[in-house]
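Listed below, chain by chain, are the residues.
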Amino acid sequence: LAGPKGKIENLRVIAPHRPKTQVEISKTDAAALGIKPPVRDSGKLEGSSGVKIIGPRGELDLKEGVILAKRHVHFAPEEAREFGIKEGELVRVRAGISGDRELVFENVLCRISDKFKLEFHLDTDEANASLVLRSTVKLTGAKVESMISMCIGWKSAALVASSAMIFTAPSVKGRPSSMLSNCM
């Protein structure tokens, strides 16, 4: 990615494809690039920041699509029922339990899908703030007080703490858009 102030290299390109190309970065990444993306739910890209995507085979000037992803918890439907959670509900998530930097994340969005499993998604700035470790996260409040097992980073089965990543938009034939695939 290239912005007015700098570049970020070696990004992750993520599937499945999205309706529009979306780039999720942390506040630290945004400062390094010199852009000011809004905090948004995934897919809410209208009026968001743009950036240049540079790959080994070319470049793409993305006019909008860069966001600071709103922190959220993914639930499979059976997990949501177990916790008493509804789609779109906002909860508190306690992170870094019993650690030196324990904190509570407020207004964490709950997302439910049969394509999900229980995961807390936050960016690297948020994870670093609480020194999050595996199994040190808890939903809090009147409804739930159960532990959420967490995986941090890309080496594990699930991403929950991320730096910059790109979600590609499909073409009409379901392959990456020709402009982006020409870059990658």
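Computed from a predicted structure; not experimentally measured.

### Things to note about the packing of aromatic side chains
Reasoning step 1: Following the criterion strictly, the structure yields 2 aromatic pairs and no others.
Reasoning step 2: Where F75 meets F83, the ring centres are 5.7 Å apart and the plane angle is 65°; that geometry is what we call edge-to-face. Residue F75 shares its accessibility class with F83, and that shared class is buried.

### Some words on the confidence of the model for the protein
Parts of the prediction with low pLDDT should not have their coordinates interpreted in detail.
Reasoning step 1: Mean pLDDT over the protein works out to 74, with 71% of the residues at or above the 70 mark.
Reasoning step 2: Confidence, expressed as mean pLDDT per element, reaches its minimum in the protein at strand β11 (residues 147-148) with 36 and its maximum at strand β3 (residues 39-40) with 94.
Reasoning step 3: The low-confidence segment residues 141-162 (pLDDT under 50) makes 61 contacts with residues lying over four places distant or belonging to another chain.
Reasoning step 4: Considering only residues more than four positions removed or in separate chains, one finds that residues 170-184, a stretch of pLDDT under 50, has 36 contacts.

### Focus: the pairing of strand β5 (residues 58-69)
Reasoning step 1: Sheet analysis places strand β2 (residues 22-24) next to β5, joined by 2 bridges and oriented parallel. In the strand pairing of β5, V23 is matched with V66.
Reasoning step 2: Summarising the sheet, β3 and β5 pair through 2 bridges and their orientation is parallel. Within β5, the position partnered with V39 by the bridge is L68.
Reasoning step 3: Examined bridge by bridge, strand β4 (residues 49-55) and β5 share 6 bridges and lie antiparallel to one another. Within the sheet, the bridge partner assigned to G55 lies in β5 and is G58.
Reasoning step 4: Between β4 and the antiparallel strand that follows it, β5, lie 2 residues.

The rules we used
Residues numbered from 1 in each chain as written. Predicted model: local features only at pLDDT ≥ 70, side-chain atom pairs only at ≥ 80, totals over all residues. Heavy atoms only, no water. Phe/Tyr/Trp six-rings, centres within 6.5 Å; stacked < 30°, edge-to-face > 60°. Buried < 20%, exposed > 50% of the residue type's maximum accessible area, 1.4 Å probe, protein only. pLDDT = per-residue confidence, 0-100. Helix = DSSP H or I, 4+ residues; strand = E, 2+ residues; numbered from the N terminus. Contact = heavy atoms within 4.5 Å. Pairing = 2+ DSSP bridges.

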